[in-house]
Amino acid sequence: MRWPLRWKLISSYLVVIAFLWSGGLAYLQFGLRAQLEEQLADGLIRNARLALETLKASRIGKAQDPHKALRETARRIGGALALRATIIAPDGRVLGDSALLDAQIASIENHASRPEVISARRDGIGKIVRRSETVGSALLYLALPITEEPVKGGVIRLAMRVSDVENVADEMRRLLYIAGGAALVLALVVSFGAGKIAERVFQQLNDSVSAVMRGDFSFRTRSTRSDEVGEFSRAMDGLLGEVEERLEDLRRERDRFGAILYGMSEGVMVTDSEGRIALVNNALRNIFPALPLIREDIPTPLSTLRAVQVEQAVLEALSGEEVVLEREVEVSGPPGKTLVLHAG
């Protein structure tokens with residue numbers, strides 16, 4: 001089954017859109033998500049350093065209740081940064097957590113084995129995305145070691161929900177769906193219109209070729225387009241006009257030749273290269289009355305003249321043995337005739 005041109009164009013547009021849309025989704029799923037998480041982590045690093053400075057300036061060592069002061073400092077840092085802030089002792093005990101009440105802090109499990117705490121002590125920074133057992137959701141953790149009193153050897157940790165990243169990704173995904181749908185509709189409209197225009201142009205060119213095949217050289221596309229297709233159409237029209245003019249010249253020459261031929265008193269016969277009769281005038285028909293009507297679509301052999309000597313003379317002339325052949329030939333009657341034959 002042959003597909004119309006417009007459907008081929010539509011299919012090509014859809015393939016391109018599907019490819020770009022798939023690439024956008026892949027980038028959104030992997031590239032953009034990683035970039036957002038990296039940007040959030042950079043922000044957490046800056047905030048964690050700020051939290052360290054806040055912790056140093058809190059003068060917890062001079063407070064009447066240092067543990068209470070640490071809990072209040074953690075809440076103050078968390079509130080100022082809109083993040084979860086946790087202060088962890090060198091032995092892993094949680095000294096303060098902005099997301100927990102005092103009673104919850106006292107019962108929370110030791111954090112010494114948490115991967116971000118281990119990395120902070122070993123490498124100077126700890127960063128990880130994992131599910132928090134305390135709050136029950138995925139968090140992005142950033143931990144830095146505390147190198148000065150009042151919690152020297154401990155760790156300060158900030159955390160934020162990765163749902164923020166998911167929200168941004170979901171919004172981007174929604175926009176991508178909307179943009180993809182709009183591009184799809186636009187592609188359908190544009191490709192359908194372009195297909196119709198292209199079909200009309202090719203139909204005009206096809207009509208031109210069909211007219212030439214039928215022998216009708218009067219057909220014209222009369223294109224008014226200013227692009228390459230219009231130039232080609234006008235060139236085709238010019239070619240058809242030239243061919244039509246040449247054919248008209250040939251028709252006039254044929255008619256003039258025919259008028260001369262049929263007005264001659266001498267009998268004239270024209271054959272093709274194989275000796276088949278192509279044209280005779282009235283004078284020749286008077287000499288050979290048995291000659292059938294000459295038709296272009298049906299070959300007429302020389303034998304229809306019923307004159308053996310004439311047939312032999314024509315064949316000799318066609319063989320090229322003599323450029324111009326002249327002789328007298330006898331034609332049986334009744335009545336018998338003696339003809340002077342010129343062949344060449």
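The rules behind these values
Residues numbered from 1 in each chain as written. Predicted model: local features only at pLDDT ≥ 70, side-chain atom pairs only at ≥ 80, totals over all residues. Heavy atoms only, no water. Pairing = 2+ DSSP bridges. Helix = DSSP H or I, 4+ residues; strand = E, 2+ residues; numbered from the N terminus. Axes fitted to C-alpha atoms, helices over the stretch in contact; angles between N-to-C directions. Contact = heavy atoms within 4.5 Å. Expected span 1.5 Å × (residues − 1). Buried < 20%, exposed > 50% of the residue type's maximum accessible area, 1.4 Å probe, protein only. Arc of directions from axis to C-beta. Patch = residues over 30% accessible without salt bridge, like charges linked within 9 Å, V, L, I, M, F, W, Y side chains within 5 Å. Areas by Shrake-Rupley, 256 points an atom, 1.4 Å probe, with all protein chains shown as cover. Salt bridge = Lys/Arg side-chain N within 4 Å of Asp/Glu carboxyl O. Core = buried A, V, L, I, M, F, W, Y, C linked by side-chain atoms within 4.5 Å.

## Quick notes on the sheet that holds strand β5 (residues 155–161)
Then step 1. With antiparallel pairing, the five strands of this open sheet are ordered in space as β2-β1-β5-β4-β3. The open sheet has two free edges, formed respectively by β2 (94–97) and β3 (126–131), since each of these has just one partner strand. Averaged over all pairs of adjacent strands, the angle between their axes in this sheet comes to 20°, without regard to strand direction.
Then step 2. Pairing of strand β1 (residues 84–88) with β5 involves five bridges; the strand directions are antiparallel. Residue Ala-85 lies in a different strand from β5, and its bridge partner there is Leu-158.
Then step 3. Sheet contacts for helix α2 (residues 66–81): β1, β2 and β5; angle to β2, the most-contacted strand, approximately 40°.

## Digging into the pairing of strand β7 (residues 277–280)
Then step 1. As paired strands, strand β6 (residues 269–271) and β7 are joined by three bridges and run antiparallel to one another. Residue pairing for β7: Thr-271 is matched across the bridge by Ile-277.
Then step 2. Here β6 folds back onto β7 in antiparallel fashion, the turn holding five residues, of which Gly-275 has a positive phi close to 85°.

## A look at helix α8 (residues 308–319)
Within an α-helix, residues lying three or four positions from one another point in the same direction, as the helix has 3.6 residues per turn.
Then step 1. Helix length check: α8 (twelve residues) gives 16 Å between terminal C-alpha atoms against 16 Å at 1.5 Å per residue, within 8%.
Then step 2. Residues of α8 that are buried: Val-310, Ala-313, Val-314 and Ala-317. Buried residues of α8, seen end-on, are gathered within an arc of 95° and therefore sit on one face of the element.

## A closer look at the environment of Ala-120
Then step 1. Assignment of secondary structure puts Ala-120 in helix α4 (residues 115–123).
Then step 2. The exposure class assigned to Ala-120 is buried, which follows from its relative accessible area of 1%.
Then step 3. Note: C-alpha distance between Ala-120 and Ile-146 (26 residues apart in sequence) is 9.4 Å.
Then step 4. Non-local contacts of Ala-120, meaning those with residues more than four positions away in its chain, are made with Ile-125, Gly-126, Ala-143, Leu-144, Pro-145 and Val-155.

## Focus: a nonpolar patch on the surface
Then step 1. Residues Val-168, Met-172, Leu-175 and Ile-178 make up a contiguous nonpolar surface patch of roughly 330 Å² in combined accessible area.
Then step 2. Position of Leu-175 relative to the elements: it lies in helix α5 (residues 163–214).

## Things to note about the nonpolar core
Then step 1. With 26 residues, the main nonpolar core has Leu-44, Leu-70, Ile-77, Ile-87, Ile-146, Ile-156 and Leu-158 as its most contacted residues.
Then step 2. For this core, the secondary-structure elements that each account for two or more residues are α1 (5–56), α2, β1, β4 (138–145) and β5.
Then step 3. When residues in this core are grouped by element, the largest group, six residues, is from α1.
Then step 4. With eleven residues, the next largest nonpolar core counts Leu-291, Ile-294, Leu-305 and Ala-307 among its residues.

## Some thoughts on the side chain of Ser-119
Then step 1. By the element assignment, Ser-119 lies in helix α4.
Then step 2. Beyond its immediate stretch of four places on either side in the chain, Ser-119 contacts Gly-124, Ile-125 and Gly-126.

## Quick word on the pattern of salt bridges
Then step 1. Under the definition given, this model contains 14 salt bridges.
Then step 2. Asp-102 is paired through a salt bridge with Arg-75; the nearest N and O atoms lie 2.5 Å apart. Highlighted residues: Asp-102 in helix α3 (residues 102–107) and Arg-75 in helix α2, separated in sequence by 27 residues.
Then step 3. Judged by relative accessible area, Arg-75 falls into the partly exposed class, the value being 30%.
Then step 4. Between Arg-276 and Glu-274 there is a salt bridge, and its shortest N-O distance comes to 3.2 Å.

## What to know about unusual backbone geometry
Then step 1. Phi at Ala-82 takes a positive value of approximately 55°, unusual for a residue other than glycine.
Then step 2. Relative to the assigned elements, Ala-82 resides in the loop between α2 and β1.

## Here we look at the pairing of β4
Then step 1. Counting buried residues along β4, six of its eight residues qualify, which places the element largely inside the surrounding structure.
Then step 2. Alignment of β4 against β5, held across seven bridges, turns out to be antiparallel. Bridging from a neighbouring strand, Leu-139 pairs with Arg-161 of β5.

## Some remarks on α4
Then step 1. Every buried residue of α4 is listed here: Glu-116, Val-117, Ser-119 and Ala-120. Each buried residue of α4 sits inside an arc of 165° when the element is viewed along its axis, so together they form one side.
Then step 2. Close packing links the buried residues of α4 with β1, β3, β4 and β5.
Then step 3. Positioned one or two residues after α4, Gly-124 has a phi angle of 90°, which is positive.

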